[in-house]
Amino acid sequence: MNNEFAQRVESLVIDKWFSNLPKLIDAMANKPSVGVTRAFVLQWTKFSRLFPRWVGSIMSNCPEFEVLAYEVENLMSEVVLDPAGDTNHYQLLIRLGNGVGISREEIENFPTLEAATSTFDWLWSKARDPDWLVGFTAVNGLEILGDRNLPSKYRLKAGTGLDPDPYFKHLGLSQDATQFFEVSDKADAGHGHETVRIIADYTPEQRQNEILQILDESMHRLRFMTDSMWVLSKELEDG
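Residues numbered from 1 in each chain as written. Predicted model: local features only at pLDDT ≥ 70, side-chain atom pairs only at ≥ 80, totals over all residues. Heavy atoms only, no water.

So, about helix α8 (residues 132-139). Burial runs high along α8: 8 of the 8 residues are buried. Residues W132, L133, V134, G135, F136, T137, A138 and V139 constitute the buried set of α8. (Buried < 20%, exposed > 50% of the residue type's maximum accessible area, 1.4 Å probe, protein only. Helix = DSSP H or I, 4+ residues; strand = E, 2+ residues; numbered from the N terminus.)

Listed below in structure tokens is the structure:
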């Protein structure tokens, strides 16, 4: 692995995400409420439905066998079955929503926030780029944000929102309802580290600043989306 560039990738994520977590992610990680959890489920299920299609588009342009293998393994957890759980990530999100009082029908019929639509449109444009590294950085690069081991590596304490303990403590949810956090935590730690390695290994030196800019923009777009979800969470509190 190109350790020097990998460190630049990780440092960017630390500076632009973990050093100043979005309010929604901070609340999820530390003291989740019903509204916060509902807002997360109502919008992240839409991300979860689109993620496999973005990845499929990236794969169609990628000739690198090890990257294809990584994406296939990733999609198995998202779409078919996470080996750490009993179903896929989308179904686990539905269970989480059920735990805070929203049905599958309500989840799937809830409108996509304007900020989320804008973020999804941008991710689509990058996923369809003929240059697979562009799409991979934009889409898979977001998985680095779920690596709870990364902040401690840089002596920073910051949660990712994927720890089930606050949901047991503050909301009294069952283990069945919070299984999404358990399996995602394990998956994202591995996927995040592997994403950094792939980006570092396949980025030519002359393109490093370009690729970092794409990752920076992707995090910025996701923050814009989560800020809108934070506003939605206030409307959904105990509603």
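This part covers the pattern of salt bridges. Taken as a whole and judged by the stated rule, the model has 11 salt bridges. Measuring nitrogen to oxygen at the nearest pair gives 2.9 Å for the salt bridge that ties D216 to K16. Taken together, the positions of D216 in helix α12 (residues 208-236) and K16 in helix α1 (residues 3-16) put the pair 200 residues apart, joining distant regions of the chain. Using a relative accessible area of 24% as the deciding quantity, one classes D216 as partly exposed. On the accessibility criterion, K16 (39% relative accessible area) is partly exposed. (Salt bridge = Lys/Arg side-chain N within 4 Å of Asp/Glu carboxyl O.)

On to the environment of V36. As for its placement among the helices and strands, V36 is situated in helix α3 (residues 34-60). Residue class for V36 comes out buried when judged on its relative accessible area of 2%. For the pair V36 and E10, spaced 26 residues apart in the sequence, the C-alpha separation amounts to 27 Å. What V36 contacts, discounting residues up to four positions off in sequence, is L24, A27, M28, W230, S233 and E237. (Contact = heavy atoms within 4.5 Å.)

For the rest of this paragraph, the subject is the environment of L75. Note on placement: L75 falls in helix α4 (residues 65-80). Between the C-alpha atoms of L75 and H89, which are 14 residues apart in sequence, the distance is 9.8 Å. Apart from residues lying up to four places away in sequence, L75 is in contact with P52, V55, M59 and V80.

One recurring pattern in soluble globular proteins is that nonpolar side chains are buried together. Counting 75 residues, the largest nonpolar core has V13, W17, F40 and W54 as its most contacted members. Considering each element in turn, this core owes the most residues, 12 residues, to α3. In this structure W17 touches L12, P22, I25, L145, M219, L222 and R223, once residues within four positions along its chain are discounted. (Core = buried A, V, L, I, M, F, W, Y, C linked by side-chain atoms within 4.5 Å.)

Next up on the list: the packing of aromatic side chains. Across all of its chains, the model carries 14 aromatic pairs by this definition. Judged by centre distance (4.1 Å) and plane angle (10°), the ring pair of W44 and F47 falls under stacked. Of this pair, W44 and F47 both sit in helix α3, 3 residues apart, which is roughly one turn of the helix. The burial state of W44 is the same as that of F47; both residues are buried. Of the aromatic side chains, those joined through ring pairs into one cluster are F40, W44, F47, F51, W54, F120, W124, Y167, F180 and F181. Its guanidinium or amino end placed over the ring of Y90, R49 lies 5.1 Å from that ring's centre, counting from NZ or CZ. Positioned above the aromatic ring of W124, the side-chain terminus of R128 is 4.0 Å from the ring centre. (Phe/Tyr/Trp six-rings, centres within 6.5 Å; stacked < 30°, edge-to-face > 60°. Lys NZ or Arg CZ within 6 Å of the ring centre and 35° of its normal.)

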